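Secondary and tertiary structure notes
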Amino acid sequence: MSTDTENRALLPSGLHDLLPPRAAQEADTIRALTDAFAAFGYEQVKPPLVEFETTLIGAAENGGGTLAGQMFRLMDPASQRMMAVRADITLQVARIAETRLCDTARPLRLSYAGEVLRVRGSQLRPERLFAQAGVELIGAADVSADVEVVVLASEALAAAGVMAPTIDLNSPALVAHLLADIDVEDAVVAQLRAALDHKDAAAVQELTRAHGVAFGAGARMLNELVGASGAAEGVLPKLRALELPAAAAVEVDRLEAVVAGVRAARAGLSLTLDPVEYRGFEYHTGVSFTVLATGVRGELGRGGRYITTAGEAATGFSLYLDSIMRALPEPSVARKLYLPFGTPAAEAIQLRAGGWITVAGLAPEAGARVEAQRLECSHCWHNGEILSLGDSGGDAPAEK
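Report follows, based on the coordinates.

Definitions and cut-offs
Residues numbered from 1 in each chain as written. Predicted model: local features only at pLDDT ≥ 70, side-chain atom pairs only at ≥ 80, totals over all residues. Heavy atoms only, no water. Phe/Tyr/Trp six-rings, centres within 6.5 Å; stacked < 30°, edge-to-face > 60°. Helix = DSSP H or I, 4+ residues; strand = E, 2+ residues; numbered from the N terminus. Buried < 20%, exposed > 50% of the residue type's maximum accessible area, 1.4 Å probe, protein only. Lys NZ or Arg CZ within 6 Å of the ring centre and 35° of its normal. Pairing = 2+ DSSP bridges. Axes fitted to C-alpha atoms, helices over the stretch in contact; angles between N-to-C directions. 1 Å grid on protein atoms, 1.4 Å probe; cavity = no way out; pocket = protein on both sides within 12 Å on 5 of 7 lines; lining within 4 Å. Points joined across faces, edges and corners; volume = space filled by probe spheres on them. Nonpolar A, V, L, I, M, F, W, Y, C, P; charged D, E, K, R; others polar.

**Let's talk about the packing of aromatic side chains**
Evaluation of the coordinates by the stated rule reveals three aromatic pairs. Where F37 meets F317, the ring centres are 5.8 Å apart and the plane angle is 65°; that geometry is what we call edge-to-face. Taken together, the positions of F37 in helix α1 (residues 22-39) and F317 in strand β12 (residues 313-320) put the pair 280 residues apart, joining distant regions of the chain. F317 shares its class with F37; the two are buried. Taken together, the ring pairs in this structure connect F37, F289 and F317 into an aromatic cluster. Looking at R81, its charged tip hangs above the ring of F52, at a distance of 3.8 Å from the centre. Just above the ring of F130 sits the side chain of R125; from NZ or CZ to the centre is 5.2 Å.

Written out as structure tokens, the structure is:
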């Protein structure tokens, strides 16, 4: 394409420029999240944007393969090995824990923040490049670890300005345990999983009826489960009423314990429970969750329990900054103070120390006030006073 006709503002699909003041707001939001992580004892790590693809693909036990088709690949000219641009940071943190920090005392609390790049967007998340922040709690199998990450997710979001998120709990292992003793083909299981994910009660009923002999008593439980979603305290009694296999009942016990623990820490948090949700949780081995906000497209984050490639019990979550930004109000315009050309440096230093953002004139101006307005400043420094540039057109001294 000729450079004379190319639109240089045009970016690839799913990529965008973040402009003022939104760019500063995102930076402040990331800082608020990581400060909240640090307050809970999570130490920050910073893995590289690109590394060998074998690490980023991982193994099935910890999510390997789930994003294999989402990674951009390139050849490393130094090692002649394939590298990939990360599509998620979780596996990188697991690598650090298993190698560089393998001798560090457990439980190990790590946090991270950085950008990820994916080959394709989705209907709910068309962005292909976005920032991600989260934590991993490695080497802790107790319910208290599940409670901690759920509470931390809600507190971190509150610190960032999202005051009323909804935590949608689930346990992917629950249905897996229910299906463990049912002798049906993998294709039927895949169809059933899809129907459960879409909450398609008619499809679930049709599948269980068509394979009634194989499903047996499990058919009734599956049909009950597909409609058992809603407020956590309302769903748990429904699960208790089912004659679930012992392994599945253990998952319900854990869900109940997590709900109780979270309620004790954050009584007002909106907790829902969906016992059959599976999409996006294929590698999770226990209590997992999605973070949502009313009126916001896409989930704010996901998390849950899994097993690392080193065989350690782990849990954690990732928060997605593109969705979080949609949950926040438009940022207010910062107050900026125009300093006319020639303002002494000592005065500028004192004003910045007092919290002002200063914009210095770089050449003599005909009128300081006019120049301040042209540069979209809210105030002007004049004869040792801070003047407010109001809509009325008059100059009024501002509070110092």
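After presenting the structure, the write-up continues.
**Some words on the sheet that holds strand β4 (residues 82-85)**
Spatially, the three strands line up as an open sheet ordered β2-β4-β3, and their pairing is antiparallel. Of all strands in the sheet, those bounded by a partner on one side alone are β2 (50-52) and β3 (73-75). Pairwise comparison of adjacent strand axes, ignoring direction, gives a mean angle of 35° for this sheet. Direction of pairing for β2 relative to β4: antiparallel, over a ladder of three bridges. Within β4, the residue paired with F52 across the bridge is M83.

**Overview of the layout of surface pockets**
Space inside the largest pocket adds up to approximately 1,100 Å³. For the lining of the largest pocket, the secondary structure elements donating two or more residues are α2 (53-57), α3 (90-98), β6 (129-138), β10 (288-292), β11 (301-307) and β12. Among the residues making up the lining of the largest pocket, the classes are represented as 13 nonpolar, 16 polar and twelve charged. Quantified by volume, the second largest pocket comes out at close to 290 Å³. Taken together, 14 residues make up the lining of the second largest pocket; nearest its centre are H16, L18, E26, D322 and M325.

So yeah, pure geometry; function would need other evidence.
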